[in-house]
Amino acid sequence: MASTSLPYPSLQLQIPTQRSSNLPSRPFSRRLSLRPVYASVSGRPSVPTPTAAPAKPTQLPIRKIPGNYGLPLIGPLQDRLDYFYNQGRDEFFKSRIQKHRSTVYRVNMPPGPFISHNPNVIVLLDGKSFPVLFDVTKVEKRDLFTGTYMSSVELTGGYRVLSYLDPSEPNHGKLKKLMFFLLKSSRDRVIPEFHTSFTELFEKLESELASKGKGSFVEANDQAAFNFLARSLYGVNPAETQLGQDGPKLVSKWVLFQLGPLLVLGLPKLVEELLIHTFPLPPVLVKKDYQRLYDFFYNSSTIVLDEAEKIGVSRDEACHNLLFATCFNSFGGMKILFPNMIKWIGRSGAKLHTRLAEEIRSAVRSNGGKVTMAAMEQMPLTKSVVYEALRIEPPVPLQYGRAKRDMVIESHDSAFEVKEGEMLFGFQPFATKDPKIFDRPEEFVPDRFVCEEGESMLKHVLWSNGPETESPTVGNKQCAGKDFVVLVSRLLLVELFLRYDSFEIEVGRSALGASVTVTSLKRASF
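Source: prediction; values computed, not measured.

Visitor: Requested: an account of the layout of surface pockets, with residues and values cited.
Guide: Any empty space left between atoms is shown by rolling a water-sized probe over those atoms. Here the largest pocket defines a volume of roughly 1,200 Å³. Taken together, 36 residues make up the lining of the largest pocket; nearest its centre are Arg89, Asp90, Glu393, Ser510 and Gly513. Elements supplying a minimum of two residues to the lining of the largest pocket: α1 (74-86), α2 (89-100), α10 (315-348), α14 (428-431) and β9 (500-509). Ranked by residue count, the leading element in the lining of the largest pocket is α10, at five residues. The residue makeup of the lining of the largest pocket, split by class, is 21 nonpolar, six polar and nine charged.

Visitor: Mind laying out helix α3 (residues 170-185), listing which residues take part and the relevant values?
Guide: Here α3 is 16 residues long and its end C-alpha atoms lie 24 Å apart, about the 22 Å a rise of 1.5 Å per residue gives. Every buried residue of α3 is listed here: Pro170, Asn171, His172, Gly173, Leu175, Lys176, Leu178, Met179, Leu182 and Leu183.

Visitor: For the packing of aromatic side chains, give the residues involved together with the corresponding values.
Guide: The final tally for this structure, using the stated rule, is 34 aromatic pairs. Relative to Tyr85, the ring of Phe84 has its centre 6.0 Å away and its plane inclined at 55°; by these criteria the two rings are tilted. Residue classification places Tyr85 among the partly exposed residues on the basis of a relative accessible area of 22%. What links up through ring pairs into an aromatic cluster is the set Tyr83, Phe84, Tyr85, Phe92, Phe93, Tyr400, Phe425, Phe427 and Phe430. Over the ring of Phe92 we find Arg96, and its NZ or CZ is 4.0 Å from the ring centre.

Visitor: Tell me about the environment of Thr103, and please be specific about residues and values.
Guide: As for its position among the elements, Thr103 is in the loop between α2 and β1 (104-108). On a C-alpha basis, the gap between Thr103 and Asp126 in space is 6.1 Å, while along the polypeptide they are 23 residues apart. At a separation of 2.5 Å, a polar atom in the side chain of Thr103 contacts the side chain of Asp126.

Visitor: Outline the packing of helix α11 (residues 350-365) against helix α13 (residues 380-392), listing residues and values.
Guide: For the pair α11 and α13, the least separation of the axes is 8 Å and the interaxial angle reads 130°. With respect to α13, the element α11 is oriented oblique. Listed contacts from α13 to Leu352, Arg355, Leu356, Glu359 and Ile360 of α11 are Pro380, Leu381, Thr382 and Val385. When the residues that make up the contact of α11 with α13 are grouped by side-chain class, the tally is six nonpolar, one polar and two charged.

Visitor: Break down the sheet that holds β1 for me, with residues and values.
Guide: Spatially, five strands are ordered β1-β2-β8-β5-β3 in an open sheet, and the strand pairing comes out mixed. At either end of the open sheet lies a strand with only one pairing partner, and these are β1 and β3 (139-140). Pairing of β3 with strand β5 (residues 398-403), which is carried by two bridges, proceeds in the antiparallel orientation. Across the sheet, Glu140 pairs through a bridge with Arg402, a residue of β5. Relative to the sheet, α2 contacts β1, β2 (120-124) and β8 (423-427), its axis offset from that of β1 by approximately 130°.

Visitor: Could you give an account of the environment of Leu81, naming the residues involved and the relevant values?
Guide: Here Leu81 lies in helix α1. Under the relative-accessibility criterion, Leu81 is labelled partly exposed at 26%. Setting aside its immediate chain neighbours within four residues, Leu81 contacts Asn86 and Glu273.

Visitor: Describe empty space enclosed by the protein, listing the residues and the values that go with them.
Guide: All told, the structure shown has four cavities of 30 Å³ or more when counted by the stated rule. The space that makes up the largest cavity amounts to roughly 50 Å³. Lining the largest cavity are Phe202, Leu205, Phe217, Ile342, Leu496, Phe503, Val518 and Leu521. Of all the elements in the fold, those that place two or more residues in the lining of the largest cavity are α4 (190-212) and β10 (514-523).

What counts, and where the lines are drawn
Residues numbered from 1 in each chain as written. Predicted model: local features only at pLDDT ≥ 70, side-chain atom pairs only at ≥ 80, totals over all residues. Heavy atoms only, no water. 1 Å grid on protein atoms, 1.4 Å probe; cavity = no way out; pocket = protein on both sides within 12 Å on 5 of 7 lines; lining within 4 Å. Points joined across faces, edges and corners; volume = space filled by probe spheres on them. Helix = DSSP H or I, 4+ residues; strand = E, 2+ residues; numbered from the N terminus. Nonpolar A, V, L, I, M, F, W, Y, C, P; charged D, E, K, R; others polar. Expected span 1.5 Å × (residues − 1). Buried < 20%, exposed > 50% of the residue type's maximum accessible area, 1.4 Å probe, protein only. Phe/Tyr/Trp six-rings, centres within 6.5 Å; stacked < 30°, edge-to-face > 60°. Lys NZ or Arg CZ within 6 Å of the ring centre and 35° of its normal. Polar contact = N/O pair within 3.5 Å; in protein donor to acceptor, adjacent residues only side chain to side chain. Axes fitted to C-alpha atoms, helices over the stretch in contact; angles between N-to-C directions. Parallel < 35°, antiparallel > 145°, perpendicular 65-115°, else oblique. Contact = heavy atoms within 4.5 Å. Pairing = 2+ DSSP bridges.

Honestly, that's just the spatial picture; any functional story needs more than this.
If you want it as structure tokens, here you go:
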């Protein structure tokens, strides 16, 4: 999932831009060189810049945007402490909706001082105002992937990767085309390699249950997800390379250096504030780890790197982008989404498990006993469960965009004037749990998207940095791997319920997603 959205864009596969020819190169290794920023932000765009349709006069009353940013330094620090500690993320937004009686208001978003030079945003917290963040005729997405700050390009080989590029920038179209090529060239490996990798996951869980009485789904999922992505996208088994089984550990450490300013790790508050929320962690501490990842992807992606050169992207830049797309976007998305799905399905109990098992096994039997695309199209409940998991807890919850011009944004009951250059921010779970759009929005409803009426609501499922009913193109920021994410999420349920009738779990918290421990697995009995 990729786009200009906050941490761990769903499994978007994305990449970077041109390097600036007047900046000196810093040697790092024969292949991996950390240079200053390589990104041209001038010149003609690689795709035609979309033109905005004339704005229709609003029929709603114009209201001044409520809220304020407080005193310099003090206001952002207070909002940061409220967001991370005093209130927590959801209550931070909810309490201000109640205070201002508005789903649109002004506030400071973390990290603030001294990582972000300007934390001021206009918050959009309903399903009507939120979609403006996808409209690239109205908002710019340049360097907004992680929000009001951008992590050092030394963490990405000196390049601004695709997730940080606006569609108007020359390299955006080339790099997104490369992601489409990667997905297309690997499509025949996805289903068999998913089966192989997640069979290993289930065997590991069964072994841990037998020896310890419980097993960590998160740890097993990390290894299975990384192995699957390497095997399916690049045709390489990491265990047979110098990388071995170290991929997930190296990726997690590297991602921490990028997302640390937005996370709560459970350290003492003062330590955490000074260590990760006030100053960025120095990239040199993960230089060797990143080099190992880079070497693995460089040696494993010859065909894709050849294609990159054909479309005008250097092998080095392409490799850094493939690494980011696979490790940050795709692996990161699976690291968050899969445990969250297991959490919601596990909590729903044996009745839903039985319905899923019956549907999945019947469809597979009717297709010659094989898991195929045709078989999965005959699983409406399975599809709905995946969409409902993506709706109720989207893996990429935060989206940003900077207003390209003066405009009017509408919530359900008011209109608000926004000035050119102001930062817009949306917390997606509030938009996809909007009670004026969805019935029982806070509940996990497995069959919510079954049948024609349910499918009509998919336009309000926004996890991919765009509506589920739309598709990624080189001219938008919707996740290049949108369909890939939905496919692998369905495959997880297919593999799970072909093997088991039911399961039980315990759920805790982690810095990213849910911490899920499996306490029981009931093998298939019918």
